[in-house]
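Topology and contacts: notes
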Amino acid sequence: MLPSAPNHWFVRKVIYWRWAASVAWSLLLLPVCTALFVLLSRVSLLHPIGWISESFGLLCGSYVIFSLVLLFGVLLVVGFFNLEYYTAVPSIPCTKIALLGKVLHPRQCIHMLVHCMLGMLVAWCTAAMIGGRYRTLSCPCAVEEGAAPAACLNELHLFFLLAGGFVGYSYSLLGLLNNVNYVSFKIIQRHKYLWFRSSLLAVVRYSAVRALYAVRNFCIFYYFLGYIPRTWICSTLGLLRDSSLHRLDSLAGLLDLPLLYHLWLSCCFLLLTWHVSVLLFRIFVSEAYSFPVQSSFSEDTSQCLPKVISEKEPMILKFLGLQDLAVLAHNSPCRRQEVFSLSQPGGHPHNWNAICTECLALLGELTQRLVLYQEVLSSNGRSWPPSCGSDHKSTSSETSENSGTEELSHTPRVRAGLKTPASSLFRAPVGGAGGTLPFTPDLDSPFSPAVTRRMAPDPSSPWHGSVQSPHLMRRGPKLWTSSAESPPGCVLPESPAAVPSPPAGAQKPSFLSLWFQNRQEQVKGFLAKRVLIMYLFNKLPEASSQALFADSQMHIWALQGLSHLVAASFTEDKFGVVQITLPRILSTMLMLQEAVDRHFKLPHASSKPMRSTCCLEDSTFKMLRFGLRSALKTALYRITGTFGQHLHAVQMSAEHRKRLQLFMDYKE
Amino acid sequence: MNSLALFPPPPPKGHITLYESNNQLVSGTSYDCYQKQEWDPPSLLFPRETLKPHSRPENTSKAAFLDHCDALWMRSAAAWRDSGLSGLLEEISNSSEVPRWLTVGSRWVLALHRWVASFHTSLFPHLTLSSEDLVAEFSQVLNWSDCAVRAFAWHPHTDKFAVTLLDDSIRIYNSKSSTAPTLKHRVQRNVAAMQWKPLCASALAVACHNCLLVWHVDPTSLSTRPSSGCAQVLSHPGHSPVTSIAWCPNGSLLLSASPVDTAMMVWDVAGENCVPLQRVGGGGVTLLSWAPDGSRVLAATPSSLFRIWETRMWTCEHWPCLKGRCQTGCWSPDGSRLLFTVQGEMVIYALTFSSVPGEPQGQTGGPKAAVIVADLSETTFSTPEGEIRLGGEVQSMAWDPQGERLAVLLKGDPETLDHPPMIAVFKTRTSPIFELLPCGFVQGESGAEPRLMQFHPNFANGALLTVCWSNGRISHVPFYFVSVGRPLPGLRGSPTLPFSQNQVTENGGRLLYTELSS
């Protein structure tokens, strides 16, 4: 169990060290927390001197020292799980069933189990540190005179242990639901200490509130189900029940204020130490890293910025690389010079080419993703033969460009015409207004295999990997629609990829496939009427839109970096390396702009999600699409504002020129 | 060092300063007495009488309704919701239904709370002011509470401006369309400042009573009353009233400040999340000003201390030991020089920053001491109508985007008649040494006092100063000159100020402003 690409140089040299530093700091903070805990656990305002001296005496006692050693171990394991489970791209379940799957995933089960046990361990430590009546599991029974001394169960201790396990479990579960493992990047950069200091208070408050809820929930849980573990422990260990004490699963037993206070304090202590370690890990990992732009040694080239941002794994490396690109493009003239520089033998702008190509590929990929999503949504989840769909991909890049947006409105009708009446009949109860119905397209929907297949990158298509030609890029949004209308016979004859046979198959589907399709629709219609199924497969509102933009922080940085570099090239680029790529950059951005604009016209896309304000429940990913939209506009304005008039000399299609003119007139 | 004694006397009474040409301010008897341009920014008039301010300063409309006897817990809950712990305690100590010990206890706690609070406010006396008074005290507008025009903002790239009126509505005037949208929002009250987002056509940030509003006004829309759905509300507990806002010049971040909050907020507007930048000391932040190159931010506090933040790692340096609080400040266009004034002193200070911040060790790269560059102490001028005294403390300053003209709004003395508020304009020169040279006074219609001023961000033929007057008039004073710093096309390869150059040609080659032949 190690993070993805554990042998990558970056993970070895940077991430591990950052993790180690964060763990070291959280270990250093642990004695402070423990001392505070001990001090607060025996608070007595009436005898302050006795209280403080007693606490200090206790701090040096063997129980506290031993607990501290155990707690160090616990924090190490928690830190290991932080490293193992962190992610830079949040996973957003789009349906209830996906959420359920996420919770029941084996990986998550391990997480829960381990945290449950760690919670018990911490609870044992706190019980030992508080001492008194909580310390041991068994105690001598309060027996009447003459009877043989017997061991009784100390229910308080059991109560503590179970509470620890419960809190550990709820920590893991809530962490999953609130995406606590998501490492977000801050909008500004500050020193790590300042970040920590400014978030510490919020973390303390958050832990206290969470502990309060946990205590309440645990008390309810114990009130109803507490007898099961109690009798089990009694029977396994052969302990008796002390009948002279109140049972804890009764109201009288639970309304013991010192007990509740100590329980809350222990939960608070547990959550605080764990949350602090998460906080430190996040702060350390998301710290900006400065990559060299170029290196004079060939063995170091893999550590240079152009190489780093083109790597797929580990994800965090790509994020940090793009962040560094945005930073250097904005405020570091000497590093910008390196980007614009030419290679020494040969005089090629390798740095700029690599950076620009990678950023454009990222943006192009997002455009494609958005276009596909809209496409799928506009067809309302109707799946047409997948062979046809994949063929569209390969053929349509050759279809003429000016068969443009007006075709979009025709497509559903044409496509419906291709279908048999029977299939549309069955679809009737299912279809209708999109968005909220169960079978609207969805990344996770199990009912649209063709759809999911289309969403996945198709290695056979020319769109796989980075896009090389601006010519192809420009036609991106019109793919997949145009060829549906153009009769299959008259696809441009000179294109070798346009083999007409699969579209012919689409036109006259065989009887078997038709029958199969009908069955499928029938099953769908049947299932759609069951309430539970509906509930599970219902899309969570706007989740798919969030999932679409889950990694958009990368795109935001790519846009910022590119636009700043282009703007700076106006005065700093001595060799004109940026000029060559300017048309490509502009057309890519304009196409993305078009796709984003269209996306925001969809239902749910422009509504603002609820946000939590706490520092640990990071919900910045929910707003990334808004961030992307504004970053895109700002990037375009930055370029048009800098170049102004000169952009008229740039070659681009008439449609893009029209759009760009809007930006130049500040009318967008 | 310059002083007001070197200034030419103000124009005679009844005369209005119209424009500057050939190094001289020209005045006339009315705004119409010089030749109009193709599109003049409209000289607007909002008479004070037509505007109705919010009559009810308090938060709730409680007083308008009949007294209603709720149960105690309902009243307590309402008090808790309305005014927090102190309200709850007050409610409990005033009610008769609760046990006696609770009443007495809450009275004690309330007294203790007040005592602690009084200690706090004796350190920071501004905390005792009501929020409206706070805005009036720290706003850059002279006499904000009684001003017909409360805020004014030019769009940084186009000929478009927004005006906030006394009734808290915002109007937007555009050179290219005749529709003037009016923006109103339920929470848009006590507007203290406005600023358009740079590198954006539509976003306007508004500092309101207890939140920030960011309006998205579609420039192509024909609607005259955009719905409140076009506005984003950004608020943070404890961060009200907002008296100053500043957009990052590259349009990505928004800063906001409140005099009662020691933290200033860095907003990611699209993501609607904020990062508080907390520094103890000062008791709040009153004024924010972002250097045009984006590298530094001036943050003034209500006490005699201001800070200069550098924006790479967001560290700051303190400037304590002032005589009073920093009243206003403005940056030179290249962000290397800061001019500021201090309350209680009649001089302008300058700070010069040398290095690019953050490069060596995250310092702001600032100087060690501020130098006095102008003396604004009271000077008596004799006019045909009698003597007039000008000078004194400064309310606000504005530096034109090319760094050639500096406008200073002098407070004057409201008690005496012969000491009116006045706008003094300096010419600025940066080489061989930084220097302020006298240019002249800008005077409005008789009886009108200047309240607020701003330079047009990209005026082609010099600088354009927009002044809002106390009688509700908004006038524009052009200063025609050829900038020495601006490279002439053809002499050097690439211009450094693309905005100001593109302005002319953007509108299809039509000149917005031509030189006057006077």
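Structure: above.
Structural notes, computed from the coordinates. (Residues numbered from 1 in each chain as written. Chains lettered and ligands numbered in written order. Predicted model: local features only at pLDDT ≥ 70, side-chain atom pairs only at ≥ 80, totals over all residues. Heavy atoms only, no water.)

Considering the overall build of chain A
Of the regular secondary structure elements, chain A holds 28 helices and 2 strands. The buried share of chain A, reckoned over its 668 residues, is 53%. The long-range fraction of contacts in chain A, counting pairs at least 24 apart against all pairs at least 6 apart in sequence, stands at 80%. Accessible surface computed for chain A: about 30,000 Å², of which carbon and sulfur atoms make up 67%. (Helix = DSSP H or I, 4+ residues; strand = E, 2+ residues; numbered from the N terminus. Buried < 20%, exposed > 50% of the residue type's maximum accessible area, 1.4 Å probe, protein only. Contact = heavy atoms within 4.5 Å. Areas by Shrake-Rupley, 256 points an atom, 1.4 Å probe, with all protein chains shown as cover.)

Quick look at the overall build of chain B
In terms of helices and strands, chain B carries 4 helices and 33 strands. Counting across all 518 residues of chain B, residues that qualify as buried make up 56%. Pairs at least 24 residues apart make up 52% of the contacts formed inside chain B by residues separated by at least 6 positions. Summed over all atoms, the accessible surface of chain B reaches about 22,300 Å², with 55% contributed by carbon and sulfur.

A word on the nonpolar core
Among the nonpolar cores identified, the biggest contains 177 residues, and W352 of chain A together with W314 of chain B are the most heavily contacted of them. Looking at which element gives the most residues to this core, the answer is helix α10 (residues 257-285) of chain A, with 18 residues. Discounting residues that sit within four places of it in the chain, W352 of chain A has contacts with V339, F340, L562, L565, V566, V577, V578, T581 and I585 of chain A. (Core = buried A, V, L, I, M, F, W, Y, C linked by side-chain atoms within 4.5 Å.)

What to know about the pairing of strand β6 (residues 160-165) of chain B
Residues and elements named next belong to chain B. Where burial is concerned, most of β6 is hidden: 6 out of the 6 residues are buried. Hairpin connection, strand β5 (residues 149-154) to β6: the antiparallel pair is bridged by 5 residues. Pairing geometry for β6 and strand β7 (residues 170-174), over 5 bridges, is antiparallel. Its bridge partner lying in β7, A162 is registered against I172. Remark: 4 residues form the turn of the hairpin made by β6 and β7, two consecutive strands paired antiparallel; D168 in that turn has positive phi of roughly 65°. (Pairing = 2+ DSSP bridges.)

Quick look at the pattern of salt bridges
Per the stated rule, a full pass over the model turns up 24 salt bridges over all chains. When the shortest N-O distance is used, the salt bridge between D597 of chain A and R659 of chain A registers 2.9 Å. In this pair, D597 of chain A is assigned in helix α26 (residues 577-599) and R659 of chain A in helix α28 (residues 654-664), connecting sequence segments 62 residues apart. Put simply, R389 of chain B and E378 of chain B hold a salt bridge, and the shortest N to O gap is 2.6 Å. Within this pair, whereas R389 of chain B is found in strand β26 (residues 386-390), its partner E378 of chain B is found in the loop between β24 (371-375) and β25 (379-383), the two being separated by 11 residues in sequence. Each of E155, R230, R247 and D249 of chain A takes part in a single network of salt bridges with overlapping partners. (Salt bridge = Lys/Arg side-chain N within 4 Å of Asp/Glu carboxyl O.)

Topic: the pairing of strand β11 (residues 212-216) of chain B
Residues and elements named next belong to chain B. With 4 of its 5 residues buried, β11 lies for the most part within the structure. In this structure, strand β10 (residues 203-207) lies alongside β11, joined through 5 bridges in antiparallel fashion. Directly across from A205, in β11, lies its bridge partner V214. Linking two consecutive strands that pair antiparallel, namely β10 and β11, is a turn of 4 residues. Examined bridge by bridge, β11 and strand β12 (residues 231-234) share 4 bridges and lie antiparallel to one another. Note on β12: the bridge partner recorded for W215 is A231.

Some words on helix α13 (residues 333-340) of chain A
All names here are of chain A. Residues of α13 that are buried include every one of R335, R336, V339 and F340, and no others. When α13 is viewed along its axis, its buried side chains cluster within an angular range of 145° and face the same direction. Taken together, the buried residues of α13 touch α12 (315-331), α14 (350-378), α25 (552-572) and α26. (Arc of directions from axis to C-beta.)

Describing the sheet that holds β6 of chain B
All names here are of chain B. Spatially, 4 strands are ordered β5-β6-β7-β8 in an open sheet, and the strand pairing comes out antiparallel. One side of each edge strand has no neighbouring strand; the edge strands of this open sheet are β5 and β8 (182-183). Where β7 lies against β8, 2 bridges are found, and the strand directions are antiparallel. The residue of β8 that forms the bridge with R171 is T182.

Observations regarding the packing of helix α6 (residues 155-177) of chain A against α10 of chain A
Residues and elements named next belong to chain A. Running from N to C, α6 and α10 point in directions that differ by 35°, and their axes come no closer than 10 Å. In this structure, α6 crosses over α10, and the sense of that crossing is right-handed. Across from L156, F159, F160, A163, G164, V167, G168 and Y171 in α6, the residues of α10 making contact are L259, H262, L263, S266, C267, L270, L271, W274, H275 and V278. (Axes fitted to C-alpha atoms, helices over the stretch in contact; angles between N-to-C directions. Left-handed = near helix turned anticlockwise from the far one by under 90°.)

A word on the packing of aromatic side chains
Residue and element names in this part refer to chain A. Going through the model one piece at a time under the given rule, you end up with 45 aromatic pairs over all chains. A ring pair is formed by Y171 and W274, whose centres lie 5.0 Å apart and whose planes are at 70°; its orientation type is edge-to-face. Taken together, the residues Y171 in helix α6 and W274 in helix α10 connect sequence positions 103 residues apart. Classification of Y171 as buried rests on a relative accessible area of 10%. W274 gets classed as buried once you look at its relative accessible area, which sits at 1%. Of the aromatic side chains, those joined through ring pairs into one cluster are F159, F166, F218, F221 and Y222. If you follow R107 out to its NZ or CZ, it ends over the ring of Y85, 4.3 Å from the centre. (Phe/Tyr/Trp six-rings, centres within 6.5 Å; stacked < 30°, edge-to-face > 60°. Lys NZ or Arg CZ within 6 Å of the ring centre and 35° of its normal.)

Some remarks on the interface of chain B and chain A
Across the boundary between the two partners, chain B contributes 37 residues, which contact 37 residues of chain A. Both faces considered, chain B and chain A share a buried interface measuring about 3,200 Å² in area, 57% of it formed by carbon and sulfur atoms. Connecting chain B to chain A are 0 salt bridges. At the junction of chain B and chain A, the tally comes to 3 residue pairs in polar contact (both at pLDDT 80 or more). Going through the elements one at a time, β15 (263-268), β16 (273-278) and α4 (498-506) of chain B are the ones with two or more residues in the side of chain B that touches chain A. (Buried area = accessible area lost by both parts, 1.4 Å probe. Polar contact = N/O pair within 3.5 Å; in protein donor to acceptor, adjacent residues only side chain to side chain.)

Brief notes about the state of the cysteines
What the rule picks out here adds up to 0 disulfides over all chains. Here C267 of chain A is not disulfide-linked; the sulfur of C268 of chain A is the nearest cysteine sulfur, at 8.2 Å. C330 of chain B takes part in no disulfide bond, and the closest cysteine sulfur to it belongs to C326 of chain B, at a distance of 10 Å. (Disulfide = S-S within 2.5 Å.)

A closer look at helix α1 (residues 9-41) of chain A
Between its first and last C-alpha atoms α1 of chain A spans 46 Å; for 33 residues at 1.5 Å apiece the expected length is 48 Å, and the two agree. The largest bend along α1 of chain A measures about 30° and falls at I15 of chain A. (Expected span 1.5 Å × (residues − 1). Bend = angle between axes of the 7 residues up to and from the residue.)

Details of the sheet that holds strand β14 (residues 254-257) of chain B
Residue and element names in this part refer to chain B. Taken in spatial order, the 4 strands line up as β13-β14-β15-β16 in an open sheet, and their pairing is antiparallel. Among the strands making up the open sheet, the edge pair consists of β13 (244-247) and β16. The mean angle between the axes of side-by-side strands here comes to 20°, regardless of whether they run parallel or antiparallel. Relative to β16, β15 runs antiparallel, the two being bridged by 6 bridges. By the bridge assignment, D268 is partnered in β16 with N273.

Considerations on the side chain of Q402 of chain B
Residues and elements named next belong to chain B. With respect to the helices and strands, Q402 occurs in the loop between β27 (394-399) and β28 (405-410). The exposure class of Q402 is buried, given its relative accessible area of 15%. For Q402, the side chain forms a polar contact with the main-chain oxygen of G462, separated by 3.2 Å.

Description of unusual backbone geometry
With omega at -10°, the peptide bond leading from E313 of chain A into P314 of chain A counts as cis. Along the chain, the position of P314 of chain A falls in the loop between α11 (305-308) and α12. Going from S240 of chain B to P241 of chain B, the amide bond is cis rather than trans, its omega being -5°. Within the element layout of this structure, P241 of chain B appears in the loop between β12 and β13. You will see that N179 of chain A, though not glycine, has its phi angle at about 55°, which is positive. On the secondary structure map, N179 of chain A appears in the loop between α6 and α7 (192-225). Residue class for N179 of chain A comes out buried when judged on its relative accessible area of 6%. Backbone geometry places Y666 of chain A, a non-glycine residue, at a positive phi of 55°. When you line up the elements, Y666 of chain A lands in the segment after α28.

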